[in-house]
Amino acid sequence: DVKVTQSSRYLVKRTGEKVFLECVQDMDHENMFWYRQDPGLGLRLIYFSYDVKMKEKGDIPEGYSVSREKKERFSLILESASTNQTSMYLCASSYGNSGNTGELFFGEGSRLTVL
Amino acid sequence: GEDVEQSLFLSVREGDSSVINCTYTDSSSTYLYWYKQEPGAGLQLLTYIFSNMDMKQDQRLTVLLNKKDKHLSLRIADTQTGDSAIYFCAERSGNNRLAFGKGNQVVVIP
């Protein structure tokens with residue numbers, strides 16, 4: 001059974017703290033993605049990666065960075081958390097072969113509150 | 001860039017059919033998807049349709065694609081309380097990225 005695991009379901013941090021959100025997938029997927037989900041705004045892509053050590057900016061990368069040192073792990077980093085980064089963060093992965101359906105497999109989400 | 005539009009809320013009585021609509025902008029989209037998100041969970045793929053198809057049926061689900069109008073719909077027959085969720089449509093463009101709509105909250109009334 002395919003699995004995308006996000007390390008923390010709920011986090012509460014203070015403004016200015018550094019925050020790490022970890023995501024691990026066990027499907028040997030090439031592609032990994034970080035989205036944030038906000039009411040009325042849907043899912044917005046923050047960063048994605050097509051391969052180890054590769055990263056690409058999504059639609060809203062400001063205030064975030066990512067790390068992909070191993071194929072199965074994709075980390076989202078908030079260098080200095082701010083209250084407007086309070087959100088639900090969703091990690092997803094997919095096969096890299098463009099001949100497939102492109103289905104994304106999602107983790108359960110990490111709800112971050114910044115005080 | 002891609003832009004996907006959905007209405008935000010739908011209530012439906014148990015046993016009725018529900019229809020959720022979506023419009024997209026990228027005419028080069030290869031696949032279009034419907035995802036379901038139950039409370040407190042991530043998104044799960046419900047169904048998808050390839051861009052050269054007009055319709056796809058999968059048990060209680062019917063997907064219609066109108067490429068000329070860039071319109072995608074999902075019909076759920078015999079809606080059940082377990083269908084209460086947020087439904088997202090998404091389109092895939094050539095770069096393997098998916099663009100999602102804002103989601104449509106479906107509430108099933110017993």
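For the structure itself, consult the block above.
Residues numbered from 1 in each chain as written. Chains lettered and ligands numbered in written order. Predicted model: local features only at pLDDT ≥ 70, side-chain atom pairs only at ≥ 80, totals over all residues. Heavy atoms only, no water.

A. Representation of a nonpolar patch on the surface within the structure. On the surface, B:Leu8, B:Phe9, B:Val107 and B:Ile109 cluster together into a nonpolar patch covering about 340 Å² of accessible area. Relative to the assigned elements, B:Leu8 resides in the loop between β1 (4-6) and β2 (9-13). (Patch = residues over 30% accessible without salt bridge, like charges linked within 9 Å, V, L, I, M, F, W, Y side chains within 5 Å. Areas by Shrake-Rupley, 256 points an atom, 1.4 Å probe, with all protein chains shown as cover. Salt bridge = Lys/Arg side-chain N within 4 Å of Asp/Glu carboxyl O. Helix = DSSP H or I, 4+ residues; strand = E, 2+ residues; numbered from the N terminus.)

B. View of the sheet that holds strand β3 (residues 19-25) of chain A. All names here are of chain A. The antiparallel open sheet is built from four strands, whose spatial order is β1-β3-β8-β7. Each end of this open sheet is capped by a strand with a single partner; those strands are β1 (4-6) and β7 (65-70). Taking each pair of neighbouring strands and ignoring which way they run, the sheet shows an average axis angle of 20°. Where β1 and β3 come together, three bridges link them in antiparallel fashion. (Pairing = 2+ DSSP bridges. Axes fitted to C-alpha atoms, helices over the stretch in contact; angles between N-to-C directions.)

C. Seen up close, the nonpolar core. Counting 22 residues, the largest nonpolar core has A:Trp34, A:Ile46, A:Leu76, A:Leu78 and A:Tyr89 as the members making the most contacts within it. The contact partners of A:Leu76, leaving out residues within four places of it in the chain, are A:Val19, A:Phe20, A:Leu21, A:Trp34, A:Ile46, A:Tyr64, A:Ser65, A:Val66 and A:Tyr89. (Core = buried A, V, L, I, M, F, W, Y, C linked by side-chain atoms within 4.5 Å. Buried < 20%, exposed > 50% of the residue type's maximum accessible area, 1.4 Å probe, protein only. Contact = heavy atoms within 4.5 Å.)

D. Representation of the interface of chain A and chain B within the structure. Counting from both sides, the interface comprises 27 residues of chain A and, opposite them, 19 residues of chain B. When the area that chain A buries against chain B is broken down by residue, the three leading residues are A:Leu43, A:Thr101 and A:Phe106, summing to 25%. Linking chain A with chain B are one salt bridge. At the boundary of chain A with chain B, the tally comes to five residue pairs in polar contact (both at pLDDT 80 or more). Of all the secondary structure elements, the ones that give two or more residues to the side of chain A that touches chain B are β4 (31-38) and β5 (42-49) of chain A. Class assignment for the residues of the side of chain A that touches chain B results in ten nonpolar, twelve polar and five charged. (Buried area = accessible area lost by both parts, 1.4 Å probe. Polar contact = N/O pair within 3.5 Å; in protein donor to acceptor, adjacent residues only side chain to side chain. Nonpolar A, V, L, I, M, F, W, Y, C, P; charged D, E, K, R; others polar.)

E. Main features of the sheet that holds strand β3 (residues 18-24) of chain B. Residue and element names in this part refer to chain B. Spatial strand order, β1-β3-β8-β7-β6: five strands in an open sheet with antiparallel pairing. Only two strands of the sheet have a single partner each, and these edge strands are β1 and β6 (55-58). Neighbour-to-neighbour, the strand axes of the sheet open up by a mean angle of 15°, direction not taken into account. As paired elements, β3 and strand β8 (residues 71-76) share six bridges and run antiparallel to each other. Counterpart to Ile20 in the pairing with β8 is Leu74.

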